[in-house]
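# An overview of the molecular structure
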Amino acid sequence: MDAESLLLSLELASGSGQGLSPDRRASLLTSLLLVKRDYRYDRVLFWGRILGLVADYYIAQGLSEDQLAPRKTLYSLNCTEWSLLPPATEEMVAQSSVVKGRFMGDPSYEYEHIELQKVNEGEKVFEEEVVIQIKEETRLVYVIDQIDKAVAIIPRGALFKTPFGPTHVNRTFEGLSLSEAKKLSSYFHFREPVELKNKTLLEKADLDPSLDFMDSLEHDVPKGSWSIQMERGNTLVVLRSLLWPGLTFYHAPRTRNYGYIYVGTGEKNMDLPFML
Amino acid sequence: MEESTSPKQEKENQELGEARRSWDVKTAASPQYSEPASFEPLEAKQGLETGRQSRSSRYWSPQSGARTSLGGSAGPETSSPAPLSPRESSSTPSPLAPAIQDLGAPPQSDRTTSVIPEAGTPDPDPLEQSSDKRESTHHTNQSDGNTFQQSQQPHLCGPRAVSYKNANQKELRFDVFQEEDSNSDYDLHQPATGGSEVAPSMLETTVQNAKAYLLKTSSKSGLNLYDHLSNMLTKILDERPENAVDIIENISQDVKMAHFSKKFDALQNENEMLPTYEIAEKQKALFLQVHLEGVDQELEDEIVENALPNVMESAFYFEQAGVGLGTDETYRIFLALKQLTDTHPIQRCRFWGKILGLEMNYIVAEVEFREGEDEEEVEEEDVDEERDNRESEADEDEEDELPKSLYKAPQAIPKEESRTGANKYVYFVCNEPGRPWVKLPPVTPAQIVIARKIKKFFTGRLDAPIISYPPFPGNESNYLRAQIARISAGTHVSPLGFYQFGEEEGEEEEEVEGSQNSFEENPDFEGIQVIDLVETLSNWVHHVQHILSQGRCNWFNSVQKNEEEEEEEDEEKEEPDYIEQEVGPPLLTPISEDLEIQNIPPWTTRLSSNLIPQYAIAVLQSNLWPGAYAFSNGKKFENFYIGWGHKYSPDNYTPPVPPPVYQEYPSGPEITEMDDPGVEEEQAFRAAQEAVLLAAEENEETEEDEDEEDDYD
């Protein structure tokens, strides 16, 4: 959610129950402004909160002028001091995908993962148990990256693409209409498109190249991994992800208010197919 | 050339004014230039607009066609220097020579600006024509400059020429230009002053033509360009958006849409807003309740003491912990709870929490009825069970001939009585505050046992079926009730000492174990320091009974009942297996005794605020049931749940395996299959039989012989 409309956004996203306590809210308002100034970001988003056993991580993201450029992620333990996280590399992804369980809450905590590796010594080949240490910070980067790629969403029309390349916030976006808001196809993944080129030519002909340049939610696997609800009597549409429980996207139809927030344990719900 | 058209649109007023002023200033001597200034700005605007449109090509190209007849170089060439010339040349031709160089040089920089006055074609056109004479005189001199202009002009004319081909009003334009041409012919041979008299009327006609063209309505949409542009500009001038030039297309679209949508307003809006209004009406009813219930005030006074909890206060504390539904939503829930307590005879009520679902959510209230209020439903269910039993027995009698299977389904464990164990409280749910509350049925042990084995999302509709393996006995309302029971048993905690056991009642009530079921508030509870509550878990205790794996809180020994029943039916019985009695942790055990989940402690304790510890409260989060919270400020405490309603497990869910196939009949000689004898065996058997027969015959013969011999004697 945009840091500028933080209070309203928190109020709108409160249907999922998890929010922020007043002191966190107050410290966020001030510290995010300073982050924006110091790092010279165009927009700062409050991404959410990852619950750990000992402490929680508060995550924010900074965007530059081009909305689809890779975002910079910052984390904080007390909503006042923010540290920049490195961008996710493939090595990090490979390493951290084996770690399971809750987050500890201590960024320097190291997970131990035992792997069997084949070691060649001379002519013999035998397997050795190698203990790999994975820092929690790395895991944090990985989880945030996964969640962003999988479930960060934007309503259709909120961003538009200029012929020169960069994506901009659409200033004439006035919100989705009520009938559009209930359809999954009116929401896009907030990331570089992956499946667009797989569409048939007929489908592509209907797309507006300045608005429809991202993947929509319609073809997410598994089907039914999004729950769309109208809250507050049709004045607020809330999408909750079932794949990453804790991600809530809200939008008030016919207004410019929208945003998403993740408050959860940072674990993927692998049991989703059983639960539907 | 579209790029040039947009700056024109924006700066038209200013540019036009400036251009006019500059023209006036520079050509003060020439009367024909001051005259255009006297024209109304609106018409000038039109002139600009027309010029802006691709229609301007029609001005240009016919001019080129017409001007060639003048014997001069191509008209378009002159047109671009033409506007410049009014600015820069004086009335006398002689300064035109140095002006040529000026013309040559500035066009480079003024290219865009040259287009602007270019756009003002109707106005400069007559001007050009009147100044044509000058230009025609210096045309030849201007060859260099002209070639430069020429190179520009075809570029300018290109797209316009295309649209020119589609022009409908070509003829009209030609007429205009014929007129102008004739005038310019006239001008050529006349001094400048003579041309000025003709210019205004020509200008007027061209302007009027342009305006008429703009007012022409589109055959498709019924709009006309004049109105659309004026609406658009009005909107821009009213709203003054920043960087309007960047969003000009969107603004134009919006104006068009606004124009159309009025017709459909009545229909569309009604459909969309109906559900919103419905909910708003229902919630308004909530707010109005206070006034309607004036009659029952006495009754209310009695109940009000205990029944309605202070939801807002608990919500405030939970907000400190970062948990909550938002103030106005909580207030609506508060009012809905009040409605619940007013319509039902409720002793005590609590806001239990919110369970999220796929289509709709559930708001759950935990309720304790007053004595003797809710026994009717229990009887109905018993009747149903008896009927089912009788039917199954009847079926068995008919099929007596077949070998009876010795399978006996494990006897259903009867559910606990209301007000005890898992059914201690009654739960009401609603989807949204304002909607009617629905009572959930009491939970049976079988439902709890199976609920432990499945993991399903709630849809939000209470009558939705649960399709799972093992098959869940019931629909979503039963599953919901089972999960609520499990969550309550697992996560409802209170500070140590808040509740104490009832003094003598507990021991008398119990049957076998002697665990105590009842507890009551401790009037002497003095509160525990918040710091202590956070530091160790032993200061918190469960105050809801643990549910055994049987599905009940109080152990039910199904073995005993089996013995009683079997005496009635068959005498053959296998020995009843000795089932060990399950024991769970007794009530009011501290939560430090809770099992860890692999390496994770079952509870996480926090202070709500690190910055101001003296007023902070202790917050407990359950790691076993994510979404269960409890807070205490030392004296008060409250439990709350908000989440999807599932337990946390670090491993993935694996559905249980179906049981092995049951051996239906005991194997015995009657039903055991035997192999048919093979060919060799049959032959051997036959041979053996024949041998026996032969032997038997021989025996008979010898016997007969013996008999005959005896007879002879």
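Residues numbered from 1 in each chain as written. Chains lettered and ligands numbered in written order. Predicted model: local features only at pLDDT ≥ 70, side-chain atom pairs only at ≥ 80, totals over all residues. Heavy atoms only, no water.

Going by the annotation in an unreviewed UniProt entry, the name recorded for chain B is Radial spoke head component 4A, with Callithrix jacchus given as the source organism.

As recorded by an unreviewed UniProt entry, chain A carries the name Radial spoke head protein 9 homolog and is attributed to Callithrix jacchus. In its Sequence similarities (unreviewed entry) section, UniProt records this for chain A: "Belongs to the flagellar radial spoke RSP9 family." (UniProt positions renumbered as here; feature names shortened; annotations may be inferred.)

Moving on, we get to the sheet that holds strand E10 (residues 618-622) of chain B. Residue and element names in this part refer to chain B. Pairing within the open sheet is mixed, and its eight strands lie in the order E4-E3-E2-E1-E12-E11-E10-E9. The open sheet terminates on both sides in strands that have one partner only, identified here as strand E4 (438-439) and strand E9 (603-607). Sheet topology places strand E1 (residues 346-355) next to strand E2 (residues 362-369); eight bridges connect them, and they run antiparallel. Residue lysine 354 lies in a different strand from E2, and its bridge partner there is isoleucine 363. Packing against the sheet, helix H17 (residues 311-320) makes contact with E1, strand E11 (628-632) and strand E12 (637-643), and its axis sits at approximately 100° to E11. (Pairing = 2+ DSSP bridges. Helix = DSSP H or I, 4+ residues; strand = E, 2+ residues; numbered from the N terminus. Contact = heavy atoms within 4.5 Å. Axes fitted to C-alpha atoms, helices over the stretch in contact; angles between N-to-C directions.)

According to the stated counting rule, one finds 22 salt bridges over all chains in the structure shown. Note that Asp271(A) is salt-bridged to Lys455(B), the shortest N-O span being 2.8 Å. With Asp271(A) in the loop between strand E14 (258-264) and helix H7 (272-275) and Lys455(B) in the loop between helix H20 (445-451) and helix H21 (476-491), this residue pair bridges two chains. Using a relative accessible area of 4% as the deciding quantity, one classes Asp271(A) as buried. (Salt bridge = Lys/Arg side-chain N within 4 Å of Asp/Glu carboxyl O. Buried < 20%, exposed > 50% of the residue type's maximum accessible area, 1.4 Å probe, protein only.)

Glycine aside, negative phi is the norm for most residues, and most peptide bonds take the trans geometry. Residue and element names in this part refer to chain B. For the bond from tyrosine 469 to proline 470, the omega torsion is -5°, close enough to zero to count as cis. Mapped onto the fold, proline 470 is located in the loop between H20 and H21. The backbone phi angle of arginine 240 is positive, close to 50°, even though this residue is not glycine.

So, about the nonpolar core. Ranked by internal contacts, the top residues of the largest apolar core, which has 55 residues, are Ile50(A), Leu140(A) and Phe190(A). Counting residues per element, this core draws most heavily on helix H4 (residues 136-151) of chain A, which supplies seven residues. Leaving out residues up to four positions away in the same chain, Ile50(A) has contacts with Asp56(A), Tyr57(A), Phe103(A), Leu140(A), Val143(A), Ile144(A), Tyr262(A), Gly264(A), Thr265(A) and Gly266(A). Ala422(B), Ile450(B), Tyr479(B) and Ile547(B) belong to the second-largest nonpolar core, a separate cluster that totals 31 residues. (Core = buried A, V, L, I, M, F, W, Y, C linked by side-chain atoms within 4.5 Å.)

With that settled, the discussion passes to H21(B). Look at H21(B): 22 Å from first C-alpha to last across 16 residues, which is about the 22 Å you get at 1.5 Å a residue. Burial analysis of H21(B) places 15 of its 16 residues in the buried class, which makes it a mostly covered element. (Expected span 1.5 Å × (residues − 1).)

Let us look at the sheet that holds strand E12 (residues 236-241) of chain A. Residue and element names in this part refer to chain A. Across the sheet, eight strands lie side by side as E4-E3-E2-E1-E14-E13-E12-E11; this open sheet has mixed pairing. Looking at strand neighbours, the two that pair on one side only are strand E4 (83-84) and strand E11 (226-231), the edges of this open sheet. Of the strand pairs in this sheet, strand E1 (residues 43-50) and E14 are connected by three bridges, and their pairing is parallel. Counterpart to isoleucine 50 in the pairing with E14 is glycine 264. Taken strand by strand, helix H2 (residues 22-39) contacts E1, strand E2 (57-63), strand E3 (72-76) and E4, and its axis lies near 135° from that of E1.

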